[in-house]
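# Geometric and topological summary
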Amino acid sequence: MEEEVKKNGSGGDSPDPSPEEKALVRHWNSVIESCWNSHDWFRKAIRDSRKYVRGEQHDDGSGKLVRANLLYADIKNGVNRVYAKNPEISIRPAVAVDSSRYEQVKQFSRTCEVVLNRQLSDADLKRRAKAALRSADTTKIGWLKMDYQRSYELDPLILNRINDTQDNLLQLEAARKKLNDPNDSGDVELRRAELKVKLKSLQEQKEVIAAEGLVIDHVLSEHILLDTTQVRSIDEYDQAPWIAHCVPMTLTDARVRFGKKIEETNGYSMHRIDDDEDMKKYFRSGGMESTKEGQYIRVWEVWSKNDMTVLTFGEGAKEWLRPPYSPDTQSEQWYPFFPYSPERIDGSFYPLSKVDRLKELQDEHNRARTRFAEMRDRHIPHTLLRKGAYTDNDVKMMANPDRFGFAQIEGQEGIPLANDILPGINPQIDPQIYMTEHTERDWERSTNVADASRGFVTKPKTATEAAIADQANNMQSSGDSDELDDFLTRLSQSALEILLQELTVQQATRIAGETAVWPPGNMSKEEVFNLVSLEVKAGS
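Residues numbered from 1 in each chain as written. Predicted model: local features only at pLDDT ≥ 70, side-chain atom pairs only at ≥ 80, totals over all residues. Heavy atoms only, no water.

## Points about the packing of helix α5 (residues 102-122) against helix α16 (residues 505-512)
- Axis separation between α5 and α16 bottoms out at 9 Å; the angle between their running directions is 80°. Relative to α16, α5 is oriented roughly perpendicular. For the pair formed by α5 and α16, the contact residues are R110, T111, V114, V115, R118 and Q119 on the first element and A508, I511 and A512 on the second.
- The residue makeup of the contact of α5 with α16, split by class, is five nonpolar, two polar and two charged. (Axes fitted to C-alpha atoms, helices over the stretch in contact; angles between N-to-C directions. Helix = DSSP H or I, 4+ residues; strand = E, 2+ residues; numbered from the N terminus. Parallel < 35°, antiparallel > 145°, perpendicular 65-115°, else oblique. Contact = heavy atoms within 4.5 Å. Nonpolar A, V, L, I, M, F, W, Y, C, P; charged D, E, K, R; others polar.)

Structure, rendered in structure tokens:
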């Protein structure tokens, strides 16, 4: 069992890094730090945008602001409208396929279709893709990361791994270390009992089970960096010389994952979780016990296309967290990252988000509603009393009559009450000043989605107006679906290229049945790619 743990990267510490390794790690730390600092504006914009979607923008703590969360409703409606169900990937032989091989290629296409749909379904594509759509609407770009899971030690950094015994072994080793930690102030006896149960469960297994298959991560937009000086548009992302993925990790997670001493004395830059609201949300949403550790590091995985190498290091560190490696199997685009960005702008790398386009309209709507609420609160019936005409007790009795509505007061002898008591006059409320129809019309024009499609009608329309609005809505939905289909087609094409290199004939047969046609495992990557020409089309 101990040997298995060491195989999976949780063994002893590596020897001191060489001068060449230190120089290269220092170079990449400098490159990433410069790029990270230059994107401060982007992370700030993301924080502000998420506040809008959560309905927390401009919160002054008074509790008197009226904030209709129109953006969240529009984003949710748009995602559900465009991605109603998981796409069925359709694969057909291309026109260029020789007629003498068409039937064989057709059967091979069917096998690919069954295998690909099964693998994407198992990877929970629908949930990950919806998360990417929400990210694009909120933070400009939605990123997915896809790879093939093989072993914990050799795989790229994937958060949504398929659970297998490799994970259990690493957790087991972490539990052993924690149990022997003299600084651990927890319940030692409880930890010892839990450890014995886990050991017994693992020892009863005859072999280590390593799960395989496609895995898809949704990556937060602020955790992706790429060299924007070399590419002009997000569409050219695959031409970037490198793409870096930041994975915040607690110190325990990093030590277990890489088997390294993660200490400040080794150069690692430590960050306090409680100093950053975004990080507190990040670790808690991932089910990590952030409050118990208090610190985290940024682990960077840099995919350098110039030399086809993956580099993994901690921010500020002097050594690699794992030796640089070149992935054995990758798709034609090489990068495992896939951006979804439907609101692209000519001449700008970063596209627009739905929040960028609509937040001012939401502010205008909420300002009008807040001011109307303030005026309504001030419009309270009241009574005017002449100063000095009544005693404090009289005023108190008038303000608090008995349950029958009577109040006994002294008043002024010989002076009618009507001379000193007058009804207060409230300023007239003009509802037209606080109407929001103009904002709603601008919202409708900006989104190209008619109000009826969002489940309500702000203003009745004639038959002609309704037909025009319906036509515009259909055009917008068609355009959104086309963007999504392009995104899913790129991801599906890459997934198929990876599966053709990874799956054996036996594995493909188990998925697609006895009539499956699959290339043998001894074929080279070039032979696999040149075997047939396939057209992959995703139907959202």
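That was the structure; now back to the text.
## Let's talk about the pattern of salt bridges
- Using the criterion set out here, one finds 15 salt bridges in the structure.
- Among the salt bridges present, the one from E483 reaches R344, with a minimum N-O distance of 3.1 Å. Note that E483 is positioned in helix α15 (residues 463-502) and R344 in the loop between β10 (337-340) and α12 (354-378), a separation of 139 residues in sequence.
- In the salt-bridge network here, residues are joined through shared partners; they are D235, R344 and E483. (Salt bridge = Lys/Arg side-chain N within 4 Å of Asp/Glu carboxyl O.)

## A look at the confidence of the model for the protein
- Mean pLDDT over the protein works out to 76, with 74% of the residues at or above the 70 mark.
- Segment residues 1-12: pLDDT under 50, and 31 contacts once partners within four positions in sequence are set aside and those in other chains are kept. (pLDDT = per-residue confidence, 0-100.)

## Digging into the pairing of strand β2 (residues 142-149)
- Of all eight residues making up β2, eight are buried, and the element is well covered by its neighbours.
- When β2 meets β10, the two strands line up antiparallel, connected through four bridges. Across the sheet, the residue bridging to W143 is P339, located in β10. (Buried < 20%, exposed > 50% of the residue type's maximum accessible area, 1.4 Å probe, protein only. Pairing = 2+ DSSP bridges.)

## Things to note about the packing of helix α3 (residues 40-54) against α12
- α12 packs onto α3 with a crossing angle of 55° between their chain directions and a minimal axis gap of 11 Å. As the angle between them shows, α3 and α12 are arranged oblique. Considering the relative orientation of α3 and α12, their crossing is left-handed. Contact with α3, carried on its side by S49, Y52 and V53, involves V355, D356, K359, Q362 and D363 of α12 and no other residues of that element.
- Taken together, the residues that form the contact of α3 with α12 break down as three nonpolar, two polar and three charged. (Left-handed = near helix turned anticlockwise from the far one by under 90°.)

## Things to note about the sheet that holds β2
- Ordered in space as β3-β2-β10, the three strands form an open sheet in which the pairing is antiparallel. In this open sheet, the two edge strands, each paired with only one partner strand, are β3 (213-219) and β10. Direction aside, neighbouring strands of the sheet carry axes that sit 25° apart on average.
- Its contacts with the sheet put helix α6 (residues 125-139) on β2, β3 and β10, and the angle it makes with β3 is roughly 20°.

## Section: the packing of aromatic side chains
- The full count for this structure, using the stated rule, is 13 aromatic pairs.
- Considering the side-chain rings of W41 and Y350, the 5.5 Å spacing of their centres and the 85° angle between planes classify their relative orientation as edge-to-face. You can see W41 sitting in helix α3 and its partner Y350 sitting in the loop between β10 and α12, a full 309 residues away along the chain.
- On the basis of relative accessible area, W41 is assigned to the partly exposed category, the value being 46%.
- Judged by its relative accessible area of 14%, Y350 falls in the buried class.
- The interplanar angle of 85° and the centroid separation of 6.2 Å between the aromatic rings of W143 and Y237 together place this pair among those described as edge-to-face. (Phe/Tyr/Trp six-rings, centres within 6.5 Å; stacked < 30°, edge-to-face > 60°.)

## Comments concerning helix α4 (residues 70-82)
- Along its 13 residues, α4 runs 18 Å from first to last C-alpha, staying within 8% of the 18 Å computed at 1.5 Å per residue.
- If you check which residues of α4 are buried, you get L71, D74, I75, G78, V79 and V82. Seen from one end, α4 has its buried residues packed into an arc of 125°, which puts them on one side. (Expected span 1.5 Å × (residues − 1). Arc of directions from axis to C-beta.)

## Describing the environment of Q412
- Following the sequence through the fold, Q412 ends up in the loop between α13 (392-399) and β12 (421-423).
- Remark: the alpha-carbon pair of Q412 and A389, spanning 23 residues in sequence, is separated by 6.9 Å.
- Aside from chain neighbours lying at most four places away, what touches Q412 is A389 and D420.

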